[in-house]
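The residues making up each chain are set out below.
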Amino acid sequence: MTAAAVTPKGERRRYALVSAAAELLAEGGFEAVRHRAVAQRAGLPLASTTYYFSSLDDLIARAVEHIGMIEVAQLRARVNALSRRRRGPETTAEVLAELLVEDVSGPGLADQLISRYERLTACTRLPALRETMCRNMRQRAEAVAEAIERSGRSVHIELVRTLLCAVDGSVVSALVEGRDPRTAAQQTVVELIEVLAPIDNRPVPI
């Protein structure tokens, strides 16, 4: 990063470029993130993308990190708003499916969900993304563990990760087959929740 990039003006421009790249990534995948497209979306000169970032991969990595931070913050906010009470398997599945899978019926929302899984698989080819995605996956699991605990169930983080892997697999399959991904996620949770996170018979904290 150049010295100019850490000035207030430089930070604003850098943030604008990262935000623009994140929007393009969510809308059209990795192929949509190009120097010219990012600069145009940010309303900045083309040269700014190479001035503030060492490479396109560097810019993409920052965009992936930016999206991940937003998604985790939104997930945690929804979890924090969740009441503490014992929930049966169907209700727990409904809650978790709503937390993990957005409504894809609106314009562009299916693309945003697809983008999440593209980012996951991309880190196998782009090592610069691996640390960011691993951190994002860990934070996502911690938020879901909190939601499960608020539903009066036993929580073990490794089993939560197992549940998330199963949900992610069912969502990807649903997207490929043209089925509703939230319904697929909900069905997967119903089948596994009693095994991976059974009801905790201790008093539910208020």
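Residues numbered from 1 in each chain as written. Predicted model: local features only at pLDDT ≥ 70, side-chain atom pairs only at ≥ 80, totals over all residues. Heavy atoms only, no water.

Engineer: Help me understand the overall build of the chain in this model?
Structural biologist: Secondary structure assignment for the chain yields nine helices and zero strands. For the chain, the α and β elements follow one another from N to C terminus as α-α-α-α-α-α-α-α-α. Counting all 206 residues of the chain, 42% fall into the buried class. Long-range contacts, defined here as pairs at least 24 residues apart, represent 67% of the contacts in the chain between residues at least 6 apart. Approximately 10,900 Å² of the chain is accessible, and the part contributed by carbon and sulfur atoms is 55%. Charge centroids of the chain, computed over 27 positive and 26 negative side chains, lie 6 Å from each other. (Helix = DSSP H or I, 4+ residues; strand = E, 2+ residues; numbered from the N terminus. Buried < 20%, exposed > 50% of the residue type's maximum accessible area, 1.4 Å probe, protein only. Contact = heavy atoms within 4.5 Å. Areas by Shrake-Rupley, 256 points an atom, 1.4 Å probe, with all protein chains shown as cover. Lys, Arg positive; Asp, Glu negative; His and termini not counted. Charge placed at Lys NZ, Arg CZ, Asp CG, Glu CD.)

Engineer: It is not clear to me how the packing of aromatic side chains should be interpreted in this structure. Could you clarify?
Structural biologist: Given two aromatic rings, their pairing is described by the distance between the two centres and the angle made by the two planes. With the rule as written, the count across this model stands at one aromatic pair. Taken together, a centroid distance of 4.9 Å and an interplanar angle of 90° make the contact between Tyr-51 and Tyr-52 edge-to-face. For Tyr-52, a relative accessible area of 7% gives the class buried. (Phe/Tyr/Trp six-rings, centres within 6.5 Å; stacked < 30°, edge-to-face > 60°.)

Engineer: I'm lost on helix α9 (residues 181–196) in this one. Help?
Structural biologist: Each α-helix winds once per 3.6 residues, and so residues spaced three or four apart point in a common direction. Relative to the 22 Å expected for 16 residues at 1.5 Å per residue, α9 spans 21 Å between its end C-alpha atoms, a close match to the ideal helical length. Its maximal kink placed at Val-190, α9 deviates by approximately 35°. Buried residues of α9: Pro-181, Ala-184, Ala-185, Thr-188, Val-189, Ile-193 and Leu-196, and no others. (Expected span 1.5 Å × (residues − 1). Bend = angle between axes of the 7 residues up to and from the residue.)

Engineer: Explanation requested: the nonpolar core in the structure shown.
Structural biologist: Grouped burial of nonpolar side chains is what soluble globular proteins tend to show. Counting residues in hydrophobic clusters, the biggest one holds 53 residues, and the most contacted among them are Val-33, Val-38, Leu-96, Ile-148 and Leu-163. For this core, the secondary structure elements donating two or more residues are α1 (8–28), α4 (56–80), α5 (89–100), α6 (109–122), α7 (127–150), α8 (157–177) and α9. Sorting elements by how many residues they give to this core places α4 first, with nine residues. Once residues lying within four places of it in the same chain are set aside, the contact partners of Leu-163 are Leu-96, Ile-148, Val-189, Leu-192, Ile-193 and Leu-196. (Core = buried A, V, L, I, M, F, W, Y, C linked by side-chain atoms within 4.5 Å.)

Engineer: Quick question: what am I supposed to make of α7 here?
Structural biologist: Between the first and last C-alpha of α7 there are 35 Å, a value that for 24 residues agrees with the 34 Å anticipated at 1.5 Å per step. Of the residues making up α7, those classed as buried are Leu-129, Thr-132, Met-133, Asn-136, Arg-140, Ala-141, Ala-143, Val-144, Ala-145, Ala-147, Ile-148 and Arg-150. Note on α7: the residue one or two positions beyond its end, Gly-152, has a positive phi of about 75°.

Engineer: Would you mind showing me how to read the pattern of salt bridges here?
Structural biologist: Should their charged atoms come close, side chains of opposite charge can pair. Under the counting rule described, the total for this entry stands at 15 salt bridges. In this structure, Asp-168 engages Arg-140 in a salt bridge whose closest nitrogen and oxygen atoms are separated by 3.0 Å. With Asp-168 in helix α8 and Arg-140 in helix α7, this pair connects stretches of sequence that are 28 residues apart. In this structure Asp-168 comes out as buried when scored by relative accessible area, which is 13%. The class of Arg-140 is buried, set by a relative accessible area of 11%. (Salt bridge = Lys/Arg side-chain N within 4 Å of Asp/Glu carboxyl O.)

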